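If you want the building blocks of each chain, they are given just below.
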Amino acid sequence: MSEETRTPRARKGRGADEAPRTCDPATREILDRCRECGVETAFDRYLQQTPQCAFGLAGLCCRICIQGPCRINPKKPGEQRGICGAADYTIVARNIARMAAGGASCHSDHGRHQALTLLHVAEGKAGDYTIADPAKLQRVARMIGLETEGKSDSELAKEVALAALADFGRYTDEPCTFLWSTITEGRKAKFKHCNIAPSSIDRQVVEIIHQTAMGMDADPVSIIFGALKTSLADYTGMHLATDISDILFGTPGPVVSKANLGVIDPDYVNIATHGHNPTLSSLVVDAAELLEDEAKAAGAKGVNVVGICCTGNELLMRDGVYLAANQASQEMAILTGALDGMIVDIQCIAPAVGPLTQCYHTKLMCTTPIVKIPGAYYFDFREEGALETAKEMVRVAIKAFKERDPSRIDVPDHRSEVVAGFSFEAMMDIFGKVNPDNPVRVLTEAIEKGEIRGVCLFAGCNNAKQVHDLGHTEVLKELVKNDVFCVATGCGAVAFAKHGFMNPEAVDKYAGDGLKAFIKRLEEASGVKPGLPLVFHMGSCVDNTRAADLWTAMANDWGVDVPKVPFVASAPEAMHEKAVSIGSWCVTMGIPTHVGVMPHIEGSQLVYGVATQIAHDVYGGYFIFETDPAAGAKKLLEALDYRAWKLRVHKKAAEKYGTPLAASW
Ligand code: BF8
Ligand code: SF4
């Protein structure tokens, strides 16, 4: 059989001679070892899957009804429509809209969990949780228009929780509260005009699944607008999730920590918390502290909780917990041979960790009825008795510590210093040290003067189609060299933390003169020790709305709408459905959004055009699809420069003629 005619699966091991697809030295070290002993990871499975199906890659495969799958070829007469007659633009639009629904479901279900926990705390039914940040509770209550005078924390918490829960199930057409109270007036007018303001998260997800069912909407523009409405439901769920997490666990402020696999310490009982929900992981941290003596009795120096993916970001931001890995290196944590327990909750947990932990002494523990992995222990983690359950799980890891095979322990000696914890409030505190009257002016003024060229939010995942962490780090280096102020969330933030971009030394090493001067000025005024980092860590994926709060504050300061603000977003290694929904709301909010992995939309020129051009005309934001990091960075810089230039021109005209700033973009 020739190489061409063999199936991709038969070409297993084809990549054996290729360099591992990562630029993370710790991951690289473990992968090299895996090659020697034949352990398979996602890096190998990606190669086994190539070449990937061209229909799927283009978004031209439809499996929405069981007449299908229909695979169509828009360029070939006779193959241009599915059995029902669906054309390329309908199939591609429906597929991507359903991805946005998947993303919105993930974030908002997470947010619902936070809201229910807050409600139960307020009702005295969740004794292991408290209102950690009453000041944030007051702020959120005021933000959503609640009367705060004379109310106790519990009363107010209940009202906030009920307002959040109402955003899931409203049956009137009034827009979602956590959307409407956090955006500019300009966006409200735009969303009303385009009829894309969701009134309820659950209803919107149901609506888009309905809208994209067999025999429903066939108009790509209408479907894409439905997807954008769904992405705004996603935004709503995210915003309330972050707000309530801050109320329950504290609003992050600057914190010092370390990141990469080298934070796993063989002398300790090592427990990785993996997933997204701080409701679980923060109690694991508490339980670990309480059981130090039991760990010592087992022969360890104590318990070392480390984070993987976004729950790692949550713990890092609030408690300075070490970060071990991002999405693509989650398997590596187990492969160190020194991980005793992996406690998982929701999202981005590779099913591969099930069989992999069974090859090691590592105990995998699932905690929610909607995430069960064969081979894992299952703990029914509920608010009632949460700390006791967390303790039981920590004890499982302590027991596993004694079952380690010392010959298999090999932890890569790579870890970087990290300064994290930059919630929107923490940033305003820092800016406020320079300009107490109007903190955000520090940022807008630096852009007006040309000291910095704008702001970039780095978000999103790892994707095996890209070299692990390389997209993030390459785009970042280019932007900071060119004086762009950068903030980060999700697995992008973990990449920067691991690779040493989140500490003060990185400012000297990578920042252009303008950015360096800007950060140093903030550093001097704020006195944050040991100094401010090159990239500001804003939290987990669900916390991307913290960055939205920043662009909203900038827009309001200038008195313009978001599409005029020199603010861009980049997801160089986007992977999850959540990245689709986040990217979509960034565009809808008016942000040029770079995606470094091609989503499945190239099968329809029309849909591609809507995402890259029509979106711009209507919303001011648009997608920049560019898989080459250098070219992506260049396009982001161009977008920033265009906006900053236009803003200056409009500002000059407004000053000259005494008129408000022009509204166009
Ligand atoms: O929510 S960045 S790979 S871990 S989806 Fe997942 Fe993507 Fe990581 Fe966090 Ni967000
Ligand atoms: Fe085929 Fe139409 Fe069914 Fe899709 S909905 S699988 S295109 S028949």
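Colleague: In this structure, what is going on with the state of the cysteines? I would like to understand it.
Modeller: Cysteine pairs can be linked by a disulfide, which is a covalent bond between their two sulfur atoms. One pass over the structure, following the stated rule, counts zero disulfides. As a non-bridged cysteine, cysteine 61 has cysteine 53 as the owner of its nearest cysteine sulfur, 6.3 Å distant. When its relative accessible area of 23% is taken as the criterion, cysteine 61 is described as partly exposed. You can see cysteine 586 has no disulfide; the closest cysteine sulfur is in cysteine 456, sitting 10 Å from it. Taking the relative accessible area as the measure of exposure, cysteine 586 reaches 2% and is therefore buried.

Colleague: Would you mind going over the site of ligand 1 with me for this structure?
Modeller: By nearness alone, every residue bordering ligand 1 is listed as His276, Cys309, Cys310, Gln327, Cys348, Gly460, Cys461, Cys491, Cys541, Met575, His576 and Lys578. A class-by-class count of the residues in the shell around ligand 1 yields seven nonpolar, four polar and one charged. Both domains that meet at the shell around ligand 1, namely domain 3 (261–408) and domain 4 (416–657), each give it at least three residues.

Colleague: Mind showing me how you'd approach the domain arrangement of the protein chain here?
Modeller: Interface extent is often summarised as the accessible area lost during association of the parts. If you check the domain split of the protein chain, you get domain 1 (3–52), domain 2 (88–249), domain 3 (261–408) and domain 4 (416–657). Taking the mean C-alpha position of each, domain 3 and domain 4 sit 32 Å from one another. Taken together, the contacts link 17 residues of domain 3 with 25 residues of domain 4. Broken down residue by residue, the surface that domain 3 buries against domain 4 is led by Asn313, Met317 and Asn326, which jointly contribute 38%. Across the domain 3-domain 4 interface, the total number found is zero salt bridges. Counting across the interface, domain 3 meets domain 4 through twelve residue pairs in polar contact (both at pLDDT 80 or more). Only α13 (309–319) and β6 (322–325) provide two or more residues apiece to the side of domain 3 that touches domain 4. When residues of the side of domain 3 that touches domain 4 are assigned to their parent elements, the largest contribution, seven residues, is made by α13. Among the residues forming the side of domain 3 that touches domain 4, the class breakdown is nine nonpolar, six polar and two charged.

Colleague: Explanation requested: the site of ligand 2 in the structure shown.
Modeller: If you check the shell around ligand 2, you find Cys62, Cys65, Gln67, Gly68, Cys70, Gly82, Ile83, Cys84, Arg94 and Met214 and nothing else. A breakdown of the residues in the shell around ligand 2 according to their chemical character gives six nonpolar, three polar and one charged.

Colleague: Which parts of the structure should I look at to understand the side chain of arginine 94?
Modeller: Here arginine 94 shows up in helix α4 (residues 88–122). There is no salt bridge for the buried arginine 94, and the closest opposite charge comes from aspartate 217, which lies 8.7 Å off by N-O distance. The contact partners of arginine 94, leaving out residues within four places of it in the chain, are Cys62, Ile64, Ala86, Thr212, Ala213, Met214, Asp217 and Ile223.

Colleague: Which parts of the structure should I look at to understand the nonpolar core?
Modeller: In summary, soluble globular proteins display a tendency toward joint burial of nonpolar side chains. Among the nonpolar cores identified, the biggest contains 135 residues, and Phe485 and Phe518 are the most heavily contacted of them. A per-element tally of this core places helix α10 (residues 220–249) first, with nine residues. The contact partners of phenylalanine 518, leaving out residues within four places of it in the chain, are Phe431, Val442, Leu443, Ala446, Glu451, Ile452 and Phe485. In this structure, Ala163, Ala298, Val305 and Phe379 belong to the second largest nonpolar core, which totals 56 residues.

Colleague: Even after reading the chapter, I still don't get helix α6 (residues 153–169), so can you show me in this structure?
Modeller: Side chains that are three or four residues apart share a direction in an α-helix, a result of its 3.6 residues per turn. Along its 17 residues, α6 runs 25 Å from first to last C-alpha, staying within 8% of the 24 Å computed at 1.5 Å per residue. Turning to α6, its buried residues are Leu156, Ala157, Val160, Ala161, Ala163, Ala164, Asp167 and Phe168. Viewed along the axis of α6, the buried residues span an arc of 160 degrees, placing them on a single side of the element. Tucked into the core, α6 has its buried residues touching α4, α5 (134–143), α7 (177–180), α9 (201–211) and α10.

Colleague: Before we go on, may I ask you to explain the coordination of the nickel atom of ligand 1 in this structure?
Modeller: The protein gives the nickel atom of ligand 1 a lone donor atom, Cys541 (SG), placed 2.2 Å from the metal. In this structure, the nickel atom of ligand 1 is coordinated by four donor atoms arranged in tetrahedral fashion, with angles at the metal of 94 to 135 degrees. Secondary-structure assignment places cysteine 541 in the loop between β13 (535–539) and α23 (544–558).

Colleague: Just to check I follow, could you spell out the environment of lysine 498 for this structure?
Modeller: Its place among the elements puts lysine 498 in helix α20 (residues 490–498). Among the residues examined, lysine 498 registers a relative accessible area of 4% and is labelled buried. Sequence separation between lysine 498 and asparagine 326 is 172 residues, and the spatial gap between their C-alpha atoms is 9.1 Å. Only 3.0 Å separates the side chain of lysine 498 from the side chain of asparagine 326, close enough to count as a polar contact. A polar contact is formed between the side chain of lysine 498 and the side chain of aspartate 469, at a distance of 2.9 Å.

Colleague: Looking at this structure, how should I read the pattern of salt bridges?
Modeller: Side-chain pairs of opposite charge can arise whenever the charged atoms involved come near each other. Here the structure, examined in full by the defined rule, presents 45 salt bridges. Among the ionic pairs, lysine 76 bridges to glutamate 79, the shortest N-O distance being 3.6 Å. In this structure, aspartate 557 engages arginine 441 in a salt bridge whose closest nitrogen and oxygen atoms are separated by 2.8 Å. Taken as a pair, aspartate 557 in helix α23 and arginine 441 in helix α18 (residues 441–448) lie far apart in primary sequence, 116 residues in all. Since its relative accessible area comes to 18%, arginine 441 is described here as buried. Bridged by salt links that share partners, the residues Lys136, Arg139, Asp243, Asp246, Glu314, Arg318, Glu425, Asp543 and Arg546 form one connected network.

Colleague: Any chance you could explain the packing of aromatic side chains here in plain terms?
Modeller: Here the distance between the centres and the angle between the planes together describe a pair of aromatic rings. Considering all chains together, one arrives at 15 aromatic pairs under this definition. Arranged with centres 5.0 Å apart and planes meeting at 65 degrees, the rings of phenylalanine 485 and phenylalanine 536 form a pair that is edge-to-face. Taken as a pair, phenylalanine 485 in strand β12 (residues 484–489) and phenylalanine 536 in strand β13 lie far apart in primary sequence, 51 residues in all. Each member of the pair, phenylalanine 485 as well as phenylalanine 536, is classed as buried. Of the aromatic side chains, those joined through ring pairs into one cluster are Phe422, Phe431, Phe485, Phe518 and Phe536. Seen from the ring of tyrosine 378, lysine 372 lies directly overhead, with NZ or CZ sitting 4.4 Å from the centre. Over the aromatic face of tyrosine 360 sits the side chain of arginine 408, whose NZ or CZ is 3.8 Å from the ring centroid.

Colleague: What should I look at first to understand the sheet that holds strand β14 (residues 567–571) in this one?
Modeller: Hydrogen bonds between backbone groups are what pair the strands of a sheet, and the pairing can be parallel or antiparallel. Overall, parallel pairing links the six strands, which are arranged β13-β12-β11-β14-β15-β16 in an open sheet. Looking at strand neighbours, the two that pair on one side only are β13 and β16 (622–625), the edges of this open sheet. On average, adjacent strands in this sheet sit at an angle of 25 degrees to one another, irrespective of strand direction. Bridge count between β12 and β13: four bridges; the pairing is parallel. Within the sheet, the bridge partner assigned to alanine 488 lies in β13 and is histidine 537. The sheet strands contacting helix α26 (residues 629–657) are β11 (454–458), β12, β14, β15 (592–595) and β16, and the helix crosses β14 at an angle near 165 degrees.

Colleague: Whenever I open this one, unusual backbone geometry confuses me. Can you help?
Modeller: Where the residue is not glycine, phi is negative for most of them; where a peptide bond is considered, it is trans in most cases. Glycine 68 connects to proline 69 through a cis peptide bond whose omega is 5 degrees. As for its placement among the helices and strands, proline 69 is situated in the loop between β1 (61–62) and β2 (70–71). With an omega dihedral of 5 degrees, the bond running from lysine 529 to proline 530 counts as a cis peptide bond. Tracing the backbone through its elements, the reader meets proline 530 in the loop between α22 (513–526) and β13.

Scoring rules and cut-offs
Residues numbered from 1 in each chain as written. Chains lettered and ligands numbered in written order. Predicted model: local features only at pLDDT ≥ 70, side-chain atom pairs only at ≥ 80, totals over all residues. Heavy atoms only, no water. Disulfide = S-S within 2.5 Å. Buried < 20%, exposed > 50% of the residue type's maximum accessible area, 1.4 Å probe, protein only. Near = heavy atom within 4 Å. Nonpolar A, V, L, I, M, F, W, Y, C, P; charged D, E, K, R; others polar. Domains from an automatic or database assignment. Contact = heavy atoms within 4.5 Å. Buried area = accessible area lost by both parts, 1.4 Å probe. Salt bridge = Lys/Arg side-chain N within 4 Å of Asp/Glu carboxyl O. Polar contact = N/O pair within 3.5 Å; in protein donor to acceptor, adjacent residues only side chain to side chain. Helix = DSSP H or I, 4+ residues; strand = E, 2+ residues; numbered from the N terminus. Lys, Arg positive; Asp, Glu negative; His and termini not counted. Core = buried A, V, L, I, M, F, W, Y, C linked by side-chain atoms within 4.5 Å. Expected span 1.5 Å × (residues − 1). Arc of directions from axis to C-beta. Donors = N, O, S within 2.8 Å, 3.2 Å for Na, K, Ca; no water. Tetrahedral: all angles 85-135°; square planar, octahedral: opposite > 155°, others 65-115°. Phe/Tyr/Trp six-rings, centres within 6.5 Å; stacked < 30°, edge-to-face > 60°. Lys NZ or Arg CZ within 6 Å of the ring centre and 35° of its normal. Pairing = 2+ DSSP bridges. Axes fitted to C-alpha atoms, helices over the stretch in contact; angles between N-to-C directions.

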